[in-house]
Amino acid sequence: MSRVFADLGYSAFSYIDVRRVPLSGEPLPFHLSTVRNDFAQTYLDANLVTYDPVVQRAATSNAPFTWADCPEYHSWRAARRG
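Fair warning: this is a prediction, and the values are worked out from it, not measured in the lab. In this convention, every chain numbers its residues from 1, walking through the sequence in written order. Note on the predicted model: pLDDT of at least 70 is required for a residue's local features to be given, and 80 or more for side-chain atom pairs to be given and counted; whole-chain, interface and lining totals, by contrast, use all residues. Note that the side-chain values use all heavy atoms of the structure and ignore hydrogens as well as water.

Draft legend 1. Structural view of the overall build of the protein chain. Where helices and strands are cited, they refer to DSSP runs of H or I of at least four residues and of E of at least two residues respectively, numbered from the N terminus. Helix and strand content of the protein chain: four helices and two strands. Helices and strands in the protein chain line up, N terminus first, as α-β-β-α-α-α. If you line up the protein chain on its principal axes, its C-alpha atoms span 35 × 35 × 25 Å. Note on classification: 1.4 Å probe, protein chains only; a residue is buried when its accessible area is under 20% of the maximum for its type, exposed when over 50%, partly exposed between these limits. Residue burial in the protein chain is summarised as follows: out of 82 residues, 15% are buried. A fraction of 29% describes how many contacts in the protein chain between residues 6 or more apart in sequence connect residues 24 or more apart. The Shrake-Rupley method, run with a 1.4 Å probe sphere, supplies the accessible areas, and residue values consider only the shown protein chains as cover. A total accessible area of about 6,500 Å² is found for the protein chain, and carbon and sulfur atoms account for 55% of it. When charges are tallied, Lys and Arg are placed among the positive residues and Asp and Glu among the negative ones, while His and the ends of the chain are skipped. Every charge is mapped onto a representative atom, which is NZ of Lys, CZ of Arg, CG of Asp or CD of Glu. With 8 positive and 8 negative side-chain charges, the protein chain shows a spacing of 7 Å between the two charge centroids. Contacts between residues were defined by any pair of non-hydrogen atoms, one from each residue, lying within 4.5 Å.

Draft legend 2. Focus on the pattern of salt bridges. By salt bridge we mean one thing: a side-chain nitrogen of Lys or Arg within 4 Å of a carboxyl oxygen of Asp or Glu. Applying the stated rule across the entire model yields one salt bridge. For R36, the salt bridge is made with D38, and the minimal N-O distance between the two is 2.9 Å. Exposure remark for D38: the relative accessible area of 46% places this residue in the partly exposed category.

Draft legend 3. Main features of the packing of aromatic side chains. Pairing of aromatic rings covers Phe, Tyr and Trp, the last counted by its six-membered ring, and requires centre-to-centre distances within 6.5 Å; plane angles under 30 degrees mean stacked, over 60 mean edge-to-face, and any other angle means tilted. In total, this model carries three aromatic pairs according to the counting rule given. Between F5 and F13 the ring centres are 4.7 Å apart and the planes differ by 15°, which places this aromatic pair in the stacked class. On the basis of relative accessibility, which here comes to 11%, the residue F13 falls in the buried class. For the pair Y15 and F30, a centre-to-centre distance of 6.1 Å together with 65° between the ring planes defines the contact as edge-to-face. Highlighted residues: Y15 in strand β1 (residues 14-16) and F30 in the loop between β1 and β2 (31-33), separated in sequence by 15 residues. For R57, the ring lying beneath its charged end belongs to F65, and the centroid distance is 5.0 Å. For a Lys NZ or an Arg CZ to count as sitting over a ring, it must be within 6 Å of the ring centre and within 35 degrees of the ring normal.

Draft legend 4. Spatial organisation of unusual backbone geometry. Positive phi is not limited to glycine here, since N47 has a value of about 55°. The topology assignment puts N47 in the loop between α2 (37-45) and α3 (53-58). The exposure class of N47 is partly exposed, given its relative accessible area of 24%.

Written as structure tokens, this is what we have:
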């Protein structure tokens, strides 16, 4: 998958098979990602999967998307510029 996404011009990707956001303590759905293992472990330990807008978006769509397709991304960028 890394090669496919690299050929499309992306340097990183995450794939998650989620139909709904898992509740705390529930097993994680199937996923593949290029994130570092230490980041993934911190993310899981902090239970960020239940708050992540990308996971929320993935639970409502089966189409590919980028962070820029999430409204939260634009709010975050505006706050950083402010």
